[in-house]
Amino acid sequence: MAKKFVIIPLLLLPALLASCAEKQVYIVYFGEHSNGEKPLYEIEDTHHSYLLSVKFNEEEARASLLYSYKHSINGFAALLSSDEASKLSEMEEVVSVFESGQYYMHTTRSWKFVGLLPEEQTNKDEDLLSKASYGRQVIVGLLDGGVWPESHSFSDFGMEPIPKSWKGICQSGPAFNSSHCNRKLIGARYYIKGYEQRYGPLNTSEDYRSCRDRYGHGTHTASILGGRRVHNVSAMGGFARGTASGGAPLVRLAIYKVCWPIPKEDENICFDADMLAAIDDAIADGVHVLSISIGGDPKMYTRDGIAIGALHCLKNNIVVSCSAGNSGPDPSTSENLAPWIITVGASSIDRKFLAPVVLGNGQKIEGQTVTARKLEKKMYPLTYAANVIKQNVSKDVAGQCLPGSLSSKKVKGKIVLCMRGNGSRFGKGIEVKRAGGVGFILGNIPAGGAEIASDVHVLPATTVNHTDAIRILEYINSTQHPIATIIPAKTVPHTKPAPLMAAFSSRGPNVMDPNILKPDITAPGLNILAAWTGTKLEEDQRGGKYVFESGTSMACPHVAAAAALLKAIHPTWSSAAIKSALMTTASIVDNRGLPISDEFGNVATPFAYGSGHFRPTKAVDPGLVYDASYSDYLLYLCSLGSVKKIDPTFKCPKQPPTSINLNYPSLAVSKLNGTMSVKRTVTNVGGGRGKIFYFFTSQPPKGISVKASPSILVFDHVGQRKSFTITLEALSDKSLRKHGEYGFGWYKWTDPHALHVVRSPIAVSIA
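Residues numbered from 1 in each chain as written. Predicted model: local features only at pLDDT ≥ 70, side-chain atom pairs only at ≥ 80, totals over all residues. Heavy atoms only, no water.

Draft legend 1. Quick peek at the packing of aromatic side chains. A complete count under the given rule lists 22 aromatic pairs for this structure. Through a chain of ring-to-ring contacts, three or more aromatic side chains come together here, namely Tyr 190, Tyr 195, Tyr 199, Trp 260 and Phe 271. Lying over the aromatic face of Tyr 199, Arg 198 brings its terminal NZ or CZ to 4.6 Å of the ring centre. (Phe/Tyr/Trp six-rings, centres within 6.5 Å; stacked < 30°, edge-to-face > 60°. Lys NZ or Arg CZ within 6 Å of the ring centre and 35° of its normal.)

Draft legend 2. Summary view of the domain arrangement of the protein. Taken as a whole, the protein is organised into domain 1 (24–99), domain 2 (111–118 + 128–348 + 499–619), domain 3 (352–492) and domain 4 (663–766). Its C-alpha centre places domain 1 at a distance of 55 Å from the equivalent point of domain 3. (Domains from an automatic or database assignment.)

Draft legend 3. Quick peek at the sheet that holds strand E11 (residues 259–261). The strand order across the open sheet built from four strands is E11-E12-E5-E14, with neighbouring strands paired in antiparallel fashion. Every interior strand has two partners, whereas the edge strands, E11 and strand E14 (294–295), have only one. Bridging between E11 and strand E12 (residues 268–271) involves three bridges; their strand directions are antiparallel. The residue of E12 that forms the bridge with Cys 259 is Cys 270. Here helix H9 (residues 272–285) sits on the sheet and contacts strand E5 (102–105), E12 and E14; the angle it forms with E12, its principal contact strand, is near 65°. (Pairing = 2+ DSSP bridges. Helix = DSSP H or I, 4+ residues; strand = E, 2+ residues; numbered from the N terminus. Contact = heavy atoms within 4.5 Å. Axes fitted to C-alpha atoms, helices over the stretch in contact; angles between N-to-C directions.)

Draft legend 4. Representation of the packing of H9 against helix H10 (residues 305–315) within the structure. Between H9 and H10, the least distance of the axes is 9 Å, while the angle of their chain directions is 10°. Between H9 and H10, the interaxial angle falls into the category roughly parallel. For the pair formed by H9 and H10, the contact residues are Asp 272, Met 275, Leu 276, Ile 279 and Ile 283 on the first element and Gly 305, Ile 306, Ile 308, Gly 309, His 312 and Cys 313 on the second. Considering only residue class, the contact of H9 with H10 consists of seven nonpolar, three polar and one charged. (Parallel < 35°, antiparallel > 145°, perpendicular 65-115°, else oblique. Nonpolar A, V, L, I, M, F, W, Y, C, P; charged D, E, K, R; others polar.)

Draft legend 5. Examining the packing of helix H14 (residues 552–569) against helix H15 (residues 575–584) more closely. As a packed pair, H14 and H15 sit with axes 10 Å apart at the nearest point and diverge in direction by 120°. Here H14 lies oblique to H15, going by the angle between them. Between H14 and H15 the crossing geometry is right-handed. Here H14 contributes Val 559, Ala 562, Ala 563, Leu 566 and Lys 567 to the contact with H15, which in turn contributes Ile 578, Ala 581 and Leu 582. Class assignment for the residues of the contact of H14 with H15 results in seven nonpolar, no polar and one charged. (Left-handed = near helix turned anticlockwise from the far one by under 90°.)

Draft legend 6. Looking closely at the state of the cysteines. Applying the stated criterion across every chain, the model contains four disulfides. Each disulfide pairs two cysteine sulfurs, and for Cys 170 the partner residue is Cys 181, the sulfurs being separated by 2.0 Å. Note on the Cys 170 and Cys 181 pair: the S-S dihedral is about 85°, so by sign convention the disulfide is right-handed. Of the two residues, Cys 170 is situated in the loop between strand E6 (139–144) and strand E7 (185–190) and Cys 181 in the loop between E6 and E7; the sequence distance between them amounts to 11 residues. Look at Cys 181 and you get buried, because its relative accessible area is 14%. No disulfide involves Cys 313; its nearest neighbouring cysteine sulfur is the one of Cys 322, lying 9.1 Å away. Cysteine Cys 556 is unpaired, with the sulfur of Cys 322 as its nearest cysteine sulfur at 6.0 Å. Here Cys 556 falls in the buried class, since its relative accessible area comes to 0%. (Disulfide = S-S within 2.5 Å. Buried < 20%, exposed > 50% of the residue type's maximum accessible area, 1.4 Å probe, protein only.)

Draft legend 7. Summary view of the environment of Met 512. With respect to the secondary-structure elements, Met 512 resides in the loop between strand E25 (490–493) and strand E26 (521–524). Residues Met 512 and Leu 624, 112 residues apart in the sequence, show an inter-C-alpha distance of 28 Å. Excluding residues within four positions of it along the chain, Met 512 makes contact with Pro 298, Lys 299, Met 300, Tyr 301 and Leu 337.

Draft legend 8. Inspection of the pairing of strand E13 (residues 289–292) at higher detail. What you see with E13 is no split at all: Val 289 and Ser 291 on one side and Leu 290 and Ile 292 on the other are buried throughout. Two elements, E6 and E13, share four bridges in a ladder whose sense is parallel. Directly across from Leu 142, in E13, lies its bridge partner Ser 291. Of the strand pairs in this sheet, E13 and strand E15 (residues 319–323) are connected by four bridges, and their pairing is parallel.

Draft legend 9. Broad picture of a nonpolar patch on the surface. Together, Phe 693, Phe 695 and Ile 712 give the surface a local cluster of nonpolar side chains, amounting to about 240 Å² of exposed area. Summarising the element assignment, Phe 693 is placed in strand E32 (residues 692–699). (Patch = residues over 30% accessible without salt bridge, like charges linked within 9 Å, V, L, I, M, F, W, Y side chains within 5 Å. Areas by Shrake-Rupley, 256 points an atom, 1.4 Å probe, with all protein chains shown as cover. Salt bridge = Lys/Arg side-chain N within 4 Å of Asp/Glu carboxyl O.)

Draft legend 10. Structural view of helix H2 (residues 40–52). Taking 1.5 Å per residue, 13 residues should reach 18 Å; H2 reaches 18 Å between its end C-alpha atoms and fits that length. Burial in H2 covers these residues: Ile 43, His 47, His 48, Tyr 50 and Leu 51. Taken down its axis, H2 places every buried residue within 155° of arc, on the same side. Taken together, the buried residues of H2 touch strand E1 (23–32), helix H3 (58–64), strand E2 (65–69), strand E3 (73–81) and helix H4 (82–89). (Expected span 1.5 Å × (residues − 1). Arc of directions from axis to C-beta.)

Draft legend 11. Focus on the nonpolar core. Core analysis: the biggest nonpolar cluster contains 62 residues, and Leu 143, Leu 290, Ile 294 and Trp 340 have the highest contact counts within it. Considering each element in turn, this core owes the most residues, eight residues, to H9. Filtering out sequence-adjacent residues up to four positions away, Trp 340 remains in contact with Tyr 301, Ala 307, Ala 310, Leu 311, Leu 314, Lys 579, Tyr 633, Tyr 636 and Leu 637. Cys 211, Leu 225, Val 344 and Ala 619 belong to the second largest nonpolar core, which has 61 residues in total. (Core = buried A, V, L, I, M, F, W, Y, C linked by side-chain atoms within 4.5 Å.)

Draft legend 12. The environment of Leu 529, seen in detail. Within the secondary structure layout, Leu 529 lies in strand E27 (residues 528–531). The exposure class of Leu 529 is buried, given its relative accessible area of 3%. Each C-alpha atom, one on Leu 529 and one on Ile 255, is 20 Å from the other, the two residues being 274 residues apart in sequence.

Draft legend 13. A look at the UniProt feature "domain: PA" (unreviewed entry) in the protein. In this numbering, the UniProt entry assigns the feature "domain: PA" (unreviewed entry) to residues 407–469. End C-alpha atoms of residues 407–469 are separated by 21 Å, and the span's content is 29% helix alongside 22% strand. (UniProt positions renumbered as here; feature names shortened; annotations may be inferred.)

Draft legend 14. Just the pairing of E15, in detail. Counting buried positions over the five residues of E15 gives five, a clear majority of the element. In E15, alternate side chains face the same way, and those of Val 319, Ser 321 and Ser 323 on one face and Val 320 and Cys 322 on the other are all buried. Across three bridges, the pairing between E15 and strand E16 (residues 342–347) is parallel. Looking at E16, one finds that Ser 323 is bridged to Val 344.

Next up, the structure:
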């Protein structure tokens, strides 16, 4: 039988080959919409026409489109080959084309600690919450993993009708329908096309294909930000009992679920394509603040979905708060670096959950846990995990209690010392229990310093710092029959020092632009109690309606809540002004009156805490603000050479100012060579009658001279702007600073009675 051949015209061959090539989800970004408002269908048709220009036919073009961004953001997400993406990127009107990147989540008393919920209310009419009406007319969106709507933290009892400005929806799906939205949770949407294009259809045994939260992260962050006051709340075991409350308890919440489980892994993932669609909708829905506890490896701003979305938010005067990441304490690890984002690090509060270890030699070693399970009042045999492993376990991970690593014959009836490293903290306890252990001690990694995450475990347990873990190990090795016990934990408030920087909190300098200091600010993110889901995950019997979590994910909604309250009090303030108010009023001292320390007890730097630990009650009246407009940020992008028609109405000057001259509330100079002058402008928002004087003072970095001209600013009305120049000079004595090494300091403007202290951090390295 003769073979049949299909003859393909040569002109069609390239297109067919392209369609057969391996495809990925790409974002095609056009910047701002031009020519006024077009009907949404017309914008989508335009996006289809671009796809048709690189696709084989119209059917393939339409099938390849995942999202058409058509509200504020102009662009689309589509399935493209690398050749198709390259062709689109060469078009004059296209700002950027980039693969849909991967991002990850950055996973009560905290509000009292920052002064927002005083232990005893002394002047109710003057407190920040009352002034802000508890945020009742402010709408905050959260990009996260959904929400558990039945939590008491999201009750709408006694709340007023939904603001008329709200234009969003309550999207239905499995285990979530319109009845789950109310006057507190006023909107919910989910975005999954980018995720399913990468991993295939969602395994519905692992997550809900709806806005319902299965893993707790989204519920936790939402309740930190805007949860209602719920009395007599505690974690499992009665720890931290009291009143749970979000920072803005009457704020309206809009949930945008963008993160989904990685198949067969204990982690969730979020994609650019889905997040951009969520941000585009959030802008159109009418949110005032956006909280994003998600991050990924830094990228050029015009290729970073969060940065692009946040820039469009800024144009619409929406404040965006993002987590800095959990990759500390290594330098240059901070994420979400765009200057129009508030980037938030994590620090501790003044509360511990002490569960000491008592050794057979009489030593008592401080540990922390929120595990309710208790040992009997007696001593138990104590062993180190590396001494009780199975024969096939690698020596490299022998002490880490990884799944299946421990010998039941050797572990039964003993307390086991396990070291952090590979595997989850919680999983180590599961392994000890599986092997028949009665309890376990978790030793921190060296980089963790004094930071201890208080966990709930499936058996009696406590966590100790690395130094103390070594002391315990030395005791084990010193005797043939080591013994120990773990004393049941108790909640201890008002501990000192606090805050201290969490070791996991990502650090500066800024890898995208070292002349913009990041992170911007720090907030509570260590052992934070907040609402949780009603589900229990596999092998996880911790349960509880309120649980402890740690991460910059927890710090981010603290700052978003403060921004919402400022938005309520100062509705005409720009996003940049609100950011400035939070930054310039932040504190750099702890509750001992000493400089904030890092996880090792050393003095922390602005690369850890930015401007300092946020103080919402001070931010309401900052005196002066460093304001910046949408055009200022476009001009900043011009200075980086990374703007290409983001806004058709804006043209870069032939010689744009350097990025260091962006009107930012902090000051970073990379590789200072000799002398440099930097311009800043402040706006008077402090009120008062007659002339108001502000005086310049500074604490320069070692080896640097810092001067301002003029050194006195005089204002005679609210809204008046004054510019000044700061001159930095490297002193001639080279021994004062090593090449490339950063030094830190601050400058501030203070009025005569120090009612307003407007402080900005300084970070400078020498060329």
